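Structural overview
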Amino acid sequence: MILDRIEKANDIKKLKKAELAPLAGEIREFILDKVSKTGGHLASNLGTVEITMALHRCMNFPEDKLIFDVGHQCYTHKLLTGRKDGFDTLRQMGGMSGFPKRDENEADAFDTGHSSTSISAAMGFMKGRELRGSHERIAAVIGDGSMTGGMFYEAINQIGQMKGSVVIVLNDNEMSISKNVGSMSRALNRIRVGEGYNDLKKGVEKKLMGIPDIGEAIAKKIKRQKDNLKNFLVPGHFVEELGITYIGPVDGHNIDELESIFERAFRLGRPILVHVKTKKGKGYAPAEKYPTHFHGVGPFDPKTGKDITPKKGKTYTDVFSEALVDIGTANEKIVAITAAMSRGTGVHEFKKRFPDRTVDVGIAEEHAVTFAAGLAASGYIPVVAIYSSFLQRAYDQILHDVCLQNLHVVFAIDRSGIVPGDGSTHQGIYDTAYLSDMPNLTMIAPKNAAEMTAAMKFAVDSCTGPVAIKYAKGTAYTGGTCQGFGMGVSERLYPAGDIDIIAVGNMVEQAVYLREKLENDAGIKTGLVNARFIKPLDLNMVKNAAEGSRMLVVMEEAVRSGSVGDAVAAYLFEKGISTKLLHFYVNKDIIQHGSVEELRKDMGLDVDSMYVDVVKSFKS
């Protein structure tokens with residue numbers, strides 16, 4: 001295999017051009033084989049094989065800097081920098097990350113996991129290069145979906161003023177461009193990226209400007225005519241107006257053409273945007289046909305494309321999806337909002353039923369929240385469904401535009417708590433901290449599927465201000481019932497004992513198992529409360545639990561700052577209650593990738609570890 005000869009960064013430069021196309025095929029087969037076993041991002045990586053290979057042919061690592069927007073398309077980059085053996089542990093505990101990681105390999109220039117950041121980061125590298133007086137090449141690969149993010153526009157608004165070269169590769173895997181326009185654009189690209197053409201253009205303009213009286217007018221007229229022709233033929237005038245040279249569209253699977261264009265673009269000494277057309281899921285028919293499904297997948301059968309992971313039951317996302325349809329059917333003022341994650345958040349079912357009341361704003365979480373605020377102010381009830389790790393990007397909008405105005409916006413916060421596979425950038429462990437001090441906000445953490453449905457109905461029918469419902473990724477807990485909702489009122493599941501557990505959200509299931517183990521194995525009578533409301537916290541429950549037991553145990557999948565455990569500790573201190581308190585929380589600043597079970601065990605949040613700690617603390 002040609003791929004076996006890629007042992008370290010820059011080895012691809014040793015290959016003959018005739019070996020590149022076969023190598024691309026081998027890379028696709030390798031990625032398909034490994035991802036089918038470990039899970040991961042498939043379609044995006046299959047679509048960017050040639051782009052990455054061409055950039056590696058033009059760049060020298062680790063000196064040069066290649067920055068991937070989001071980063072889920074970096075598998076080819078990892079293969080070309082000598083990490084082939086690591087793919088057996090892709091996204092596994094202690095194994096290789098599915099995203100670029102600076103501490104994993106020096107060829108990874110910048111850690112990424114969220115969208116629309118690459119150009120801003122590249123500009124930082126450009127300024128550093130300018131200050132150092134060095135000459136490394138810098139490139140950013142960004143998808144067309146990331147162009148919906150506000151940071152993209154903030155960055156390109158400034159980048160035309162930067163000194164030196166940078167190549168921005170726009171990976172366009174959705175836009176359709178006709179053959180005639182495409183052919184003309186490719187012809188213009190070959191001319192416009194040539195140094196000879198650019199030198200000639202500068203020379204002609206200089207000579208014309210030197211002719212007394214009429215030279216400047218002629219030069220300006222010729223430029224206007226050239227720009228008019230360019231506007232008609234080339235779809236990149238917008239970025240050209242910002243001082244960025246546009247090249248494209250280019251065939252994203254023609255490695256010879258890509259390598260030639262990238263090499264010339266690097267030499268031009270200014271910001272260049274290369275518009276590259278690719279096929280998402282390229283080379284694997286199921287992924288080409290269903291690119292959304294194969295964007296991020298668990299283990300599957302590569303022959304059929306079918307998921308081989310046994311489904312254990314409805315996920316919390318499934319339950320939310322059904323509840324959203326039900327409340328939307330009963331209330332015509334419900335409007336669903338998603339940020340390019342219609343299927344991932346479960347909004348797609350609502351969209352099928354109520355397309356006019358569904359809005360996908362693209363990868364623009366900040367806009368989604370303020371848009372929802374305006375919608376709420378106009379008399380509707382928007383339900384904003386966004387992953388926890390992405391909603392944090394809209395912190396200011398939640399505070400300034402929703403909470404301060406006390407607007408009735410419902411935030412459905414998916415992937416709250418520990419998230420498997422994707423690592424530090426996708427953890428939902430910070431939402432309690434960044435939402436707990438928001439004025440007017442009600443925050444609910446359902447314990448099971450039934451309570452998830454009840455929480456949605458309560459948020460719509462019984463609240464008038466902002467409400468956040470946070471729930472985990474994975475199968476919804478079905479144990480227990482769901483007693484009636486009341487604002488800020490918790491739910492006692494088992495009578496208080498020597499120990500009383502206060503559990504939050506998806507940790508209630510773990511608390512049930514822990515309570516059973518404490519009673520059966522340690523003989524300690526143990527009570528259990530479902531906190532249900534994080535904000536407002538049921539302080540009467542806290543008081544009664546503390547006064548009726550010898551020790552309180554608080555369990556939650558959140559960082560400590562701003563947590564329920566911190567609030568309980570503060571209340572006990574304020575009231576002078578001396579009951580012992582043991583708090584289980586996410587005790588690591590950064591969580592890496594792994595399964596939920598592995599990550600919990602690593603932090604002592606699994607039932608066996610908590611049992612040992614509770615018994616030890618209780619008896620001390």
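Now for a look at the structure at hand. (Residues numbered from 1 in each chain as written. Predicted model: local features only at pLDDT ≥ 70, side-chain atom pairs only at ≥ 80, totals over all residues. Heavy atoms only, no water.)

1. A short note on helix 3 (residues 49-58)
- Counting buried positions along helix 3 yields 10 of 10 residues, so the element is predominantly enclosed.
- The complete set of buried residues in helix 3 reads Val49, Glu50, Ile51, Thr52, Met53, Ala54, Leu55, His56, Arg57 and Cys58. (Buried < 20%, exposed > 50% of the residue type's maximum accessible area, 1.4 Å probe, protein only. Helix = DSSP H or I, 4+ residues; strand = E, 2+ residues; numbered from the N terminus.)

2. Some remarks on the packing of helix 13 (residues 316-330) against helix 20 (residues 449-461)
- Across the interface, helix 13 lies against helix 20 with an axial gap of 9 Å and an inter-helix angle of 35°. Taken as a pair, helix 13 and helix 20 cross one another with a handedness that is right-handed. Counting all contacts with helix 13, which are made through Tyr316, Val319, Phe320, Ala323, Leu324 and Ile327, the residues of helix 20 involved are Ala449, Met452, Thr453, Met456, Lys457 and Val460.
- Its residues assigned to classes, the contact of helix 13 with helix 20 comprises 10 nonpolar, 1 polar and 1 charged. (Axes fitted to C-alpha atoms, helices over the stretch in contact; angles between N-to-C directions. Left-handed = near helix turned anticlockwise from the far one by under 90°. Contact = heavy atoms within 4.5 Å. Nonpolar A, V, L, I, M, F, W, Y, C, P; charged D, E, K, R; others polar.)

3. A word on the pattern of salt bridges
- Under the counting rule described, the total for this entry stands at 34 salt bridges.
- The salt bridge involving glutamate 322 is made with lysine 314; its shortest N-O contact spans 3.0 Å.
- Overall, the relative accessible area of 37% leaves glutamate 322 in the partly exposed class.
- For lysine 517, the salt bridge identified is with aspartate 521, shortest N-O distance 3.0 Å. Note that lysine 517 and aspartate 521 are positioned in helix 21 (residues 507-521) at a spacing of 4 residues, about one turn of the helix.
- Taken together, the shared-partner salt bridges in this structure form one network comprising Lys78, Arg83, Glu104 and Asp108. (Salt bridge = Lys/Arg side-chain N within 4 Å of Asp/Glu carboxyl O.)

4. Regarding the sheet that holds strand 10 (residues 442-444)
- Reading across from one edge, 7-6-8-9-11-10-15 is the order of the 7 strands in this open sheet, with mixed pairing throughout. Two strands lie at the open edges of the sheet, namely strand 7 (358-360) and strand 15 (533-535), each paired on one side alone. Neighbour to neighbour, the strand axes of the sheet diverge by 20° on average, direction disregarded.
- Note that strand 8 (residues 381-387) and strand 9 (residues 410-414) share 5 bridges and pair parallel. Its bridge partner being in strand 9, isoleucine 386 is matched across the sheet by isoleucine 413. (Pairing = 2+ DSSP bridges.)

5. Let's talk about helix 25 (residues 607-619)
- Spanning 13 residues, helix 25 covers 18 Å between terminal C-alpha atoms, matching the ideal 18 Å at 1.5 Å per step.
- Listing the buried residues of helix 25 in full gives Val607, Met610, Tyr611, Val614, Val615, Ser617 and Phe618. Taken end-on, helix 25 shows its buried residues confined to a sector of 165°, consistent with a single buried face. What points out from helix 25, more than 90 degrees from its buried face, is the exposed set Lys616 and Lys619.
- Where helix 25 is buried, its residues contact strand 13 (499-503), helix 21, strand 16 (551-559) and strand 17 (580-586). (Expected span 1.5 Å × (residues − 1). Arc of directions from axis to C-beta.)

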